[in-house]
Amino acid sequence: MNASFRNGRGVLLFRRTFFVPQCSFAHVERYYYLLLDVGSLAFPLMASFEPRIRFASNWRGLFAGIAAMAVVFIAWDAVFTANGVWGFNPRYLIGVHLIGMPLEEWLFFLFIPYSCMFLYEVMRHFVKRDVLAPIARPLSMALILVLGVVGLIHIDRLYTSITFLCTAACLAYHVFLAKSPWLGRFYMGYAVSLIPFFVVNGILTGWLLPEPIVWYNDAENLGIRLNTIPIEDSMYLLFFLLIVTTFYERALKRY
């Protein structure tokens, strides 16, 4: 064996060569959730001033919708976090918390609806005809029935029951009371939003990572995963966007 390794200098050189990059990489990991937030917002924000879409001109209605949604969902998130329905991996957080939730989660409720509503407007611009209008009502009624039944059967599973029953109630309001004429447009925007959703939420729940950024207590959900994503998340997104769109369309008065 080389004398430099026998007296320890070789070990020190090895550590300097190989271990320092690992420490730097671990330091970068703290920003993963924040980078996902910022990455989700970056292109929609830059494209908001594009003259064909003119998304920035709709900010008043957008932020009214985001504010209304946030009142419900931040309280919901805080209660679920406190009760262990889900939680956050400190490995991927910068360490700033407010009422028990990381800063990155607060930003999620601003950046993600902004990006999804940008996609909603893009689809409105490029798909002139409301192609899903004929099926919007029957699709909504089918979802109300399925979500209502599954939510009641699994009333003991907090994430499943609350998400499914609240989504069903919100859809019922739009179908039977408000008779919202934009539901076909909403479903198209939602369907397109599912594409980045599966990427971003997939990473949040552990896809491509050694550990999830957001973990879930499977005793409080159905245990059915779409890749790494609990199936409830897809309805959480629908409910989430339905509230934002309600106030957004009300402010724009397009119907």
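The rules we used
Residues numbered from 1 in each chain as written. Predicted model: local features only at pLDDT ≥ 70, side-chain atom pairs only at ≥ 80, totals over all residues. Heavy atoms only, no water. pLDDT = per-residue confidence, 0-100. Contact = heavy atoms within 4.5 Å. Axes fitted to C-alpha atoms, helices over the stretch in contact; angles between N-to-C directions. Helix = DSSP H or I, 4+ residues; strand = E, 2+ residues; numbered from the N terminus. Parallel < 35°, antiparallel > 145°, perpendicular 65-115°, else oblique. Left-handed = near helix turned anticlockwise from the far one by under 90°. Nonpolar A, V, L, I, M, F, W, Y, C, P; charged D, E, K, R; others polar. 1 Å grid on protein atoms, 1.4 Å probe; cavity = no way out; pocket = protein on both sides within 12 Å on 5 of 7 lines; lining within 4 Å. Points joined across faces, edges and corners; volume = space filled by probe spheres on them. Salt bridge = Lys/Arg side-chain N within 4 Å of Asp/Glu carboxyl O. Buried < 20%, exposed > 50% of the residue type's maximum accessible area, 1.4 Å probe, protein only.

Chemist: With reference to specific residues and values, describe the confidence of the model for the chain.
Modeler: Per-residue confidence for the chain gives a mean pLDDT of 92, with 90% of residues at or over 70. Scored below 50 in pLDDT, residues 1-23 makes eight contacts in the model with residues more than four places away or belonging to other chains.

Chemist: I'd like to hear about the packing of helix 6 (residues 133-153) against helix 7 (residues 158-177), residue by residue, with values.
Modeler: The geometry of helix 6 relative to helix 7 is characterised by a closest axis approach of 8 Å and an angle of 150° between their N-to-C directions. With respect to helix 7, the element helix 6 is oriented roughly antiparallel. Of the two elements, helix 6 crosses helix 7, and the hand of that crossing is left-handed. Residue-level inspection shows Arg137, Ser140, Met141, Leu143, Ile144, Leu147, Gly148, Val150, Gly151 and Leu152 of helix 6 in contact with helix 7, the latter providing Thr160, Ser161, Phe164, Leu165, Thr167, Ala168, Leu171, Ala172, Val175 and Phe176. Of the residues in the contact of helix 6 with helix 7, the class split is 13 nonpolar, six polar and one charged.

Chemist: Tell me what's going on with empty space enclosed by the protein, and back it up with residues and numbers.
Modeler: What the rule picks out here adds up to one cavity of 30 Å³ or more. Estimates place the volume of the largest cavity at around 30 Å³. Lining the largest cavity are Cys116, Met117, Tyr120, Phe186, Gly189, Tyr190, Ser193, Leu241 and Thr245. It is helix 8 (residues 183-204) that provides the largest number of residues to the lining of the largest cavity, a total of four residues. Considering only residue class, the lining of the largest cavity consists of six nonpolar, three polar and no charged.

Chemist: Could you give an account of the pattern of salt bridges, with specific residues and numbers?
Modeler: When charged atoms on two side chains of opposite charge get close, those side chains can pair. Evaluation of the coordinates by the stated rule reveals seven salt bridges. Between Glu29 and Arg91 there is a salt bridge, and its shortest N-O distance comes to 2.9 Å. Placement of the pair is Glu29 in helix 2 (residues 9-29) and Arg91 in the loop between strand 1 (86-88) and strand 2 (97-98), with a sequence separation of 62 residues. The buried category is assigned to Glu29, whose relative accessible area is 6%. Across the pair Glu50 and Arg52 runs a salt bridge whose closest N-O atoms are separated by 2.7 Å. On the basis of relative accessible area, Arg52 is assigned to the exposed category, the value being 54%. Counted as one network, the salt bridges with shared partners bring together Glu121, Arg124, Glu249 and Arg254.

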